[in-house]
Amino acid sequence: MRFSVPFLTLFALHSAAAAELPFAEGDPCNVQSSQFFDDAFEGEYLFAGDAGCTLGDKTGCYCAPDFGDDTNLSGWKWQCNDSVKFGPVEGKVCPSTIPLAKDEISADILLSYRAGKIEDNPITCDASIHPTGREGDEVCSYSTCDEGGDMSAICGCVDLAKYKLGVGQQWYCMQSTCSCGVEEKSSASMRSKPLSLVFAGLSVLVFAMVH
């Protein structure tokens, strides 16, 4: 089968663009709920903020757990149109600043906090007044994204005994970036692609001429 040069060139350009499709609502965003308890874990995409991401014609999108998904409760996905709720609910309060700023606490000190070895523990909390992060008692949210920063985070007050992590109640925070996903990757990669696409087009042209 022979293809015309324009068809082959357009096919090469289309294939390169198709590899950079942005996320859509409902797509997984590479987070499992169990990673909320991993102090070393950092997400790739936006968790919180006032504006959220825009994915296609959807706005107010966040990478978040989907409480309505009975088949995959642990896998987080992109959810839009203000369907993601943040705390505090009525009767509860969130600290004015993130209670667990990982870049300000060394791993060794954090382990000491978790083990209860430090009496004046700044990450202790009280689930009777602080959000637990469960459905209906949504997480505290923190973000510098709307001010041009690069951090988004959600925090919950965890009863350690319920998860066999110890005794008492402590803050757990999952931190991430302000990225909306492939939208940024696409624009960055397409800036570096024009020259390579020209060479791809020329190679297709040469191939078509000699066959």
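Predicted model, so just to flag it, every value in this text is computed and none were measured.

**Notes on the packing of aromatic side chains**
Evaluated as defined, the whole model comprises 8 aromatic pairs. For the pair Phe37 and Tyr163, a centre-to-centre distance of 4.8 Å together with 45 degrees between the ring planes defines the contact as tilted. Of this pair, Phe37 sits in the loop between β1 (28-32) and β2 (53-55) while Tyr163 sits in the loop between β6 (152-159) and β7 (169-176); the two residues are 126 residues apart in sequence, bridging distant segments of the chain. An aromatic cluster is built from Phe36, Phe37, Tyr163 and Tyr172, whose rings are joined through pairwise contacts. Above the plane of the ring of Tyr172 lies Arg114, whose end atom (NZ or CZ) is 3.6 Å from the centre.

**Focus: the pattern of salt bridges**
Applying the stated criterion to the full structure yields 4 salt bridges. For Glu25, the salt bridge is made with Lys58, and the minimal N-O distance between the two is 3.6 Å. A residue pair is termed long-range when its members are at least 10 positions apart, and Glu25 in the loop between α1 (5-18) and β1 and Lys58 in strand β3 (residues 58-64) qualify at 33 residues. With its nearest N and O atoms 2.8 Å apart, the salt bridge here joins Asp39 to Arg114. One end of the pair, Asp39, is in the loop between β1 and β2; the other, Arg114, is in helix α2 (residues 107-114), and 75 residues separate them in sequence. By relative accessible area, which is 14% here, Arg114 ends up buried.

**Here we look at the layout of surface pockets**
Using a probe with the size of a water molecule, rolled over the atoms, empty space left in the structure can be pinpointed. The computed volume of the largest pocket comes to approximately 640 Å³. What lines the largest pocket is a set of 27 residues, among which Pro65, Phe67, Trp76, Gly133 and Arg134 lie closest to the centre. Broken down by secondary-structure element, the contributors of at least two residues to the lining of the largest pocket are β3, β4 (75-79) and β6. Of all the elements, β6 adds the most residues to the lining of the largest pocket, at 4 residues. For the lining of the largest pocket, the class distribution of residues is 16 nonpolar, 5 polar and 6 charged. Of the voids in this model, the second largest pocket is the one considered here, and its volume is about 160 Å³. The wall of the second largest pocket is formed by Asp39, Ala40, Leu100, Lys102, Ile105, Ser106, Ala107, Leu110, Leu111 and Arg114. Grouping the constituent residues of the lining of the second largest pocket by class yields 6 nonpolar, 1 polar and 3 charged.

**Details of the sheet that holds β4**
Spatially, the 4 strands line up as an open sheet ordered β1-β4-β3-β2, and their pairing is antiparallel. With partners counted over all chains shown, the strands left at the sheet margins are β1 and β2, one partner each. Each strand of the sheet is rotated relative to its neighbour by a mean of 40 degrees, with strand direction disregarded.

**Structural notes on the state of the cysteines**
All chains considered together, the criterion is met by 7 disulfides. Covalently, Cys29 is tied to Cys63 through a disulfide, its sulfur atoms 2.1 Å apart. Between Cys29 and Cys63 the sulfur-sulfur dihedral comes to about 80 degrees; the bridge is accordingly right-handed. In this pair, Cys29 sits in strand β1 while Cys63 sits in strand β3, placing the two residues 34 residues apart along the sequence.

Rules of the game
- Residues numbered from 1 in each chain as written.
- Predicted model: local features only at pLDDT ≥ 70, side-chain atom pairs only at ≥ 80, totals over all residues.
- Heavy atoms only, no water.
- Phe/Tyr/Trp six-rings, centres within 6.5 Å; stacked < 30°, edge-to-face > 60°.
- Helix = DSSP H or I, 4+ residues; strand = E, 2+ residues; numbered from the N terminus.
- Lys NZ or Arg CZ within 6 Å of the ring centre and 35° of its normal.
- Salt bridge = Lys/Arg side-chain N within 4 Å of Asp/Glu carboxyl O.
- Buried < 20%, exposed > 50% of the residue type's maximum accessible area, 1.4 Å probe, protein only.
- 1 Å grid on protein atoms, 1.4 Å probe; cavity = no way out; pocket = protein on both sides within 12 Å on 5 of 7 lines; lining within 4 Å.
- Points joined across faces, edges and corners; volume = space filled by probe spheres on them.
- Nonpolar A, V, L, I, M, F, W, Y, C, P; charged D, E, K, R; others polar.
- Pairing = 2+ DSSP bridges.
- Axes fitted to C-alpha atoms, helices over the stretch in contact; angles between N-to-C directions.
- Disulfide = S-S within 2.5 Å.

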